[in-house]
Amino acid sequence: MKNLKDLYLNFFESKGHKIIPSASVIPENDPTCLFNTAGMQPLIPYLLGEKHPLGTRLTDVQKCFRLTDLDEVGDKTHHTFFEMLGNWSLGDYFKKESIAWSFEFLTKELNIPIEKLAVTVFRGNDLVDADNESAEYWMEQGIPKERIAFLGEEDNWWGVATGGPCGSDTEIFYWRSEEEAPIVFDPEDKRWVEIWNNVFMQYNKTAEDKYESLEQKNVDTGMGVERTTAILENVDDNYKTSIWKDIIGKIEDISNKSYENENDARCMRIIADHIRAVVIITADDANIVPSNTDQGYILRRLIRRMIRYAKKLEIDINSDFDIELAKMIFKKYSKYYPEIDRNKDRIIEVLTLEKNKFSRTLEKGIKEFQKITEILKKQNINTINGKTVFRLYDTFGFPPEMTGEFAGEIGMDIDMEGFKKHFNEHQEKSRAGATEKFKGGLSDHSESNIKYHTATHLLHQALKDVLGNDVNQKGSNINSERLRFDFSYPSKLTDEQKQKVESIVNQKISEALDVTVEEMTVEEAKQKGAVGLFTNKYGDIVKVYSIGDYSKEICGGPHVKNTSELGIFKIKKEEAVGAGVRRIKAVLEI
Ligand code: SER
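Okay, so let's go over this structure. (Residues numbered from 1 in each chain as written. Predicted model: local features only at pLDDT ≥ 70, side-chain atom pairs only at ≥ 80, totals over all residues. Heavy atoms only, no water.)

### Quick notes on the overall build of the protein chain
Along its length, the protein chain carries 18 helices and 18 strands. Taken over 590 residues, the protein chain has a buried fraction of 53%. Considering only residue pairs separated by 6 or more positions, the protein chain has 70% of its internal contacts joining residues 24 or more positions apart. Counting only carbon and sulfur atoms, one obtains 48% of the accessible surface of the protein chain, whose full area is about 27,300 Å². In the protein chain, which carries 81 positive and 99 negative side-chain charges, the distance between the mean positions of the two groups comes to 6 Å. (Helix = DSSP H or I, 4+ residues; strand = E, 2+ residues; numbered from the N terminus. Buried < 20%, exposed > 50% of the residue type's maximum accessible area, 1.4 Å probe, protein only. Contact = heavy atoms within 4.5 Å. Areas by Shrake-Rupley, 256 points an atom, 1.4 Å probe, with all protein chains shown as cover. Lys, Arg positive; Asp, Glu negative; His and termini not counted. Charge placed at Lys NZ, Arg CZ, Asp CG, Glu CD.)

Pasting the structure below:
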């Protein structure tokens, strides 16, 4: 059988939908959310009325990530990263077509017998009436009345908790059991598994918790690839599907253990899930690298947790087991997510670097953990205090969640609040240090600052020339004395590389290149190969600064008029500021 993703996308394409690529797994311009958790998230502006360049019918498979599931990964059905298929109507079709097509896809394309299907629809509330209309459409398709349940907001209303487009939905359930499906649908019976959710979006929930009617009526549907594949392949364990089979098989080979043993199977599922999530996050053009904050911290936790479970399976963690698995993921997913191919080398480097870093301390950390917990046990203390959890984090790189897991395995727990207190104290201390250091770094528009700003653009491009296109800006700080530029790159620069970068920048300065600015849409900027922060909004106008033909960057400015104004460029320092992030300090000597 063709795979579910292709069947789905082709089907909706045949119904006039345009297939759009998955958006980044990191939401753009939404600092409240670390990862996209649903297919509709990147489409919010269009659901709210902005015009999408590809029209009003869209379909895609979106990279999603649910952090809430991280600690549950290990059972048969949870994943951190997962894929969500979806089709959208942006003010185009509504309930009738949506229901008819869902029914057609399930029964004709996937060949699911109608006897195995049931649906829920919205019971109604103060805002909207009961959704008899959807129930009618389902019956038109042949779903019997007894298989339609009317439920309340907890079940049949969908929106992101923080607000945005929302509405009632109809959910489709599949009977997952050898027994014959009961005539009457009981949504409480766990053998009915939800496979598809069609949301009929008519409202926008504002920050003040008010519901405004949307000008356009939208459809947003979502189908989880992993769960539906398990159903189609008739297994009750997602990791036994064609998605995972070869990966689990490989882990069995590497570890010389069997998936039939439930304890080992749990470790294998964690390794399989985490390596896929690591590849997907690292492949993203958002250039996430392991760190101690935000997405970088999740990435770090995933890599470290994967290593710890590999160790549990007695895999030699210093072997290339992780790279071998990562390569299998590359093969499977690059067709849908071309960024994987583009960023292959970086993924391997990031993985190797983080593993090396952690594997050095893991053994010692485990010994330390055992020593501490033995002492505590003798004293009948069952909670590891915050200071100790912080020490394990700070000295041995144990994420507190991991220490929590270790503790759980021997019937203990950790004082997370205490950990946070120590962590914050530590942060404040280092922040105070940082403020002292950069007191002079007021960002003004003095002549000297402007020069450093232009030099930063040259440096950015020169780094790409020397180290490869994967190098991207991670941060920049300029004052009148120097520039400081953080960028993604997995290892220390050699002297030759530094010299090369320096001489390219100086070469460009001596070429006396004109610096020009143009305004254009983000799309145009992208097409012209400008680097910089892209928002996903078509039609947004941005400034693009060009330095001769050499550099093109989205930026607010200001800049010098000609590079001849800059003086001589010198790199003063090159150092690491986190895993996979390097920092260059440089000056202009007049
Ligand atoms: N947004 C809905 C969901 O995530 C349908 O796509 O279930």
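### Describing the pattern of salt bridges
Evaluated as defined, the whole model comprises 41 salt bridges. Close ionic contact of Asp495 with Lys498 constitutes a salt bridge, the shortest N to O distance being 3.7 Å. On the criterion of helical spacing, the pair formed by Asp495 and Lys498 is a turn pair, its members being three residues apart in helix H17 (residues 495-510). The salt bridge involving Glu589 is made with Lys570; its shortest N-O contact spans 3.2 Å. Here Lys570 lies in strand S17 (residues 568-578) and Glu589 lies in strand S18 (residues 581-589), a separation of 19 residues in the sequence. Residues joined by salt bridges that share partners form a network here, namely Lys63, Asp284 and Glu339. (Salt bridge = Lys/Arg side-chain N within 4 Å of Asp/Glu carboxyl O.)

### Let's talk about the nonpolar core
Residues Phe65, Phe105, Leu106, Trp138, Trp196, Ile251 and Ile271 are the most contacted members of the largest nonpolar core, which totals 108 residues. By residue number, the principal contributor to this core is helix H8 (residues 262-283), which donates 13 residues. With sequence-adjacent residues up to four places away left out, Ile271 is seen in contact with Ile251, Met306, Tyr309, Ala310, Leu313, Ile315 and Leu325. Among the nonpolar cores identified, the runner-up in size contains 33 residues, and Leu483, Tyr489, Ala586 and Leu588 belong to it. (Core = buried A, V, L, I, M, F, W, Y, C linked by side-chain atoms within 4.5 Å.)

### Points about the packing of aromatic side chains
Taken as a whole, this structure holds 30 aromatic pairs when the rule is applied. Taken together, a centroid distance of 5.9 Å and an interplanar angle of 75° make the contact between Phe105 and Trp196 edge-to-face. Placement of the pair is Phe105 in helix H3 (residues 95-109) and Trp196 in strand S8 (residues 192-205), with a sequence separation of 91 residues. When the ring of Phe173 is compared with that of Phe185, the centres are 5.5 Å apart and the planes differ by 45°; the resulting orientation is tilted. Here Phe185 lies in the loop between strand S7 (164-175) and S8 and Phe173 lies in strand S7, a separation of 12 residues in the sequence. Look at Phe173 and you get buried, because its relative accessible area is 10%. Take Phe185: its relative accessible area is 6%, and that puts it in the buried class. (Phe/Tyr/Trp six-rings, centres within 6.5 Å; stacked < 30°, edge-to-face > 60°.)

What is shown is where atoms sit, not what they do.
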